[in-house]
Amino acid sequence: MAPTTANSRTESPETGSLETGSTADLAGRVESHGIDVIPDSERHGRARDLFAVWAAPNVSYLALVVGGALILMGLTLWQALAVIVAGNLFSVLTGIVAASGPASGTPSEVITRAIFGIRGNRVNILVTSWFISVCYLALNWAAASYTAFSLVARMGIDVTTPVQIGVILAVAALTLVISVYGHATIVRLYQPLAVTLTLVFVVMAGFVLAEANWSYRPESALHGIDLWATALAGLTIVASAPLSYTNSADFSRYLPRTTSPVAVAAWTALGAFVPSVLFTGLGALAGTALDMTDPQAALETIVPPWFTPIFLIAVIFGTIANNAMTAYSSGLALQSVGLRLRRSRSVLLDGSIGVALTLYALLVSNFLDTVNNMMQLVVTVMGPVMAVYVADVLRRRNRYDGPGLSDESRTSPYWFTGGINWAGTIAVFAGIAAAGLCVDAEIYTGVIARAVGVDLSLPVGLLVSVGLYIALMRMYRTSTPLVTR
């Protein structure tokens, strides 16, 4: 594909929209690109811009919920903090995946064709990307809406079921507006948003630190196998967030091809790691002095009345920031499985499904149980996908053929056998199956987990999938190019 000049007009094969060179990705204008290759003439930005892109969605209420949950599970404060740091170290993998964006000029949903093949990737995206994204949409909307209910109640409005539904729709609508406008709007908006949210949560941290019990220990201390089982379950919950970010190339693909991959990986990883550690840790500290079974109500007891609305609004907007990125990627996922819709329309379709799941999570299910169960089960799926993706980036030394990845014909260099790369397909689904045998969640316990009493889904899923992928790719004779043309 020849690069377009700054003033040329081209029609995107994926979106069917007319694009004018340098205007295809401007803040405040609906992004016209979908999963097509970003030409060199339209590449812009700096690697450090990615820090705010990933920091804003990780300054979130959900982080506080997870931190408090670790204390409720029976860990001491220092055990919980160790789990939080260890789980968030998986953000390094998020960063490595992000480096593949500038190399190919395509989103993650297209790059994974190098792992699964043109046809095989459609199944992978449908099962392990699109479905998980829609579930996260619901989870985060539920968190934002739950907070918004409290804000509405403080305004003297009776929070009836119709009001709840109205609030959920309003939160979803604001999220989808950001997602529809797309990449440039997200990059521009999230820089001041990250600063503002951080300031609010720093003030909140002051109130929490004043109450925290640094020597906290549960009444019944965990020992031996019970401690390991709880710690590994907590690690799985914390790690589920960074492991779910297999979409990080979506937000780096507009960077110039010459951008340092180390810089892309580092700024992405730091943007996800730093705020998540700080605010999940804040949730754990709050759990040493407060009953975090209802985190929002508990936190409201230690802050002055004037700060409560500010905190609630920050929680809502932080969660919306997280979901806007998720909705953006879910729209790209639908395009990559073959749905011929403009990216903006595919985002709206996913949003509708996410709203339906949100209504269930809030009006039917218990929210905290939903969070814990989903995050543990997500790792069984996303862990193997992330592991194989990272292995592929390292194996190819981050060299991807963008135009070749966008070629869905039988002549594509990523066609493999019948459109399927069996090495990636077998490795990932074997990893998922192995992790499923080792998961120990409230709604499901695998055979191995039941036998040993410990949730080993995280390490088993990662190791099985990576080991199989490396071994099978060595056996797989293919002409797939390892250089960008």
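Below you will find a few notes about this structure. What you see is a predicted model, and the numbers here were worked out from it, not measured in a lab. (Residues numbered from 1 in each chain as written. Predicted model: local features only at pLDDT ≥ 70, side-chain atom pairs only at ≥ 80, totals over all residues. Heavy atoms only, no water.)

The next thing to look at is the overall build of the protein. Within the protein one finds 20 helices and two strands. Residues classed as buried in the protein amount to 61% of the 485 residues present. Sequence-distant contacts in the protein: of pairs separated by 6 or more residues, those separated by 24 or more amount to 83%. If you sum the accessible surface of the protein, you get close to 18300 Å²; carbon and sulfur atoms cover 66% of it. (Helix = DSSP H or I, 4+ residues; strand = E, 2+ residues; numbered from the N terminus. Buried < 20%, exposed > 50% of the residue type's maximum accessible area, 1.4 Å probe, protein only. Contact = heavy atoms within 4.5 Å. Areas by Shrake-Rupley, 256 points an atom, 1.4 Å probe, with all protein chains shown as cover.)

Below, the discussion takes up the environment of Ser344. If you trace the backbone, Ser344 turns up in helix α15 (residues 343-363). Here Ser344 falls in the buried class, since its relative accessible area comes to 16%.

In this fold, Ser133 is placed in helix α8 (residues 118-154). In this structure Ser133 comes out as buried when scored by relative accessible area, which is 12%. When near neighbours in sequence (up to four residues on either side) are disregarded, Ser133 contacts Thr326 and Ser330.

Let us look at the nonpolar core. One finds Tyr190, Leu299 and Phe311 to be the most contacted residues of the largest nonpolar core, which totals 133 residues. Leaving out residues up to four positions away in the same chain, Leu299 has contacts with Leu64, Met204, Val208, Ala286, Leu290 and Phe311. Grouped together as the second largest cluster of nonpolar side chains are five residues, Ile125, Trp130, Val134 and Ala333 included. (Core = buried A, V, L, I, M, F, W, Y, C linked by side-chain atoms within 4.5 Å.)

On to the packing of aromatic side chains. A full pass over the atoms with the stated rule returns 10 aromatic pairs. Arranged with centres 5.6 Å apart and planes meeting at 50°, the rings of Phe207 and Phe307 form a pair that is tilted. On the criterion of sequence distance, the pair formed by Phe207 in helix α10 (residues 183-211) and Phe307 in the loop between α13 (295-300) and α14 (308-336) is long-range, its members being 100 residues apart. A residue is classified by how much of its surface remains accessible, and Phe207, at 22% relative accessible area, is partly exposed. Considering the side-chain rings of Trp306 and Phe307, the 5.6 Å spacing of their centres and the 75° angle between planes classify their relative orientation as edge-to-face. Of the residues examined, Phe307 reaches a relative accessible area of 2% and is grouped as buried. Ring pairing ties together the aromatic residues Phe201, Phe207, Phe279, Trp306, Phe307 and Phe311, which thus form one cluster. (Phe/Tyr/Trp six-rings, centres within 6.5 Å; stacked < 30°, edge-to-face > 60°.)

Before going further, it helps to spend a moment on unusual backbone geometry. One can expect most non-glycine residues to show negative phi and most peptide bonds to be in trans. One non-glycine residue with positive phi stands out, namely Asn398, at about 60°. In this fold, Asn398 is placed in the loop between α16 (367-395) and α17 (402-406). Judged by relative accessible area, which is 14%, Asn398 ranks as buried. Of note, the phi angle at Phe416 is positive, near 60°, even though the residue is not glycine. Structurally, the position occupied by Phe416 is in the loop between α17 and α18 (422-438).

Here α8 contains 37 residues, and its C-alpha end-to-end distance of 52 Å stays within 8% of the 54 Å for a straight helix at 1.5 Å per residue. When the local axis directions of α8 are compared, the greatest deviation, roughly 40°, occurs at Ile125. Along α8, 28 of the 37 residues are buried, which leaves the element largely enclosed by surrounding structure. Just past α8, the residue Gly156 takes up positive phi, approximately 85°. (Expected span 1.5 Å × (residues − 1). Bend = angle between axes of the 7 residues up to and from the residue.)

The grouping of Val123, Leu126, Val127 and Phe429 at the surface amounts to a nonpolar patch, some 310 Å² of accessible area in total. For the nonpolar patch, the element with the most residues is α8, which contributes three residues. (Patch = residues over 30% accessible without salt bridge, like charges linked within 9 Å, V, L, I, M, F, W, Y side chains within 5 Å. Salt bridge = Lys/Arg side-chain N within 4 Å of Asp/Glu carboxyl O.)

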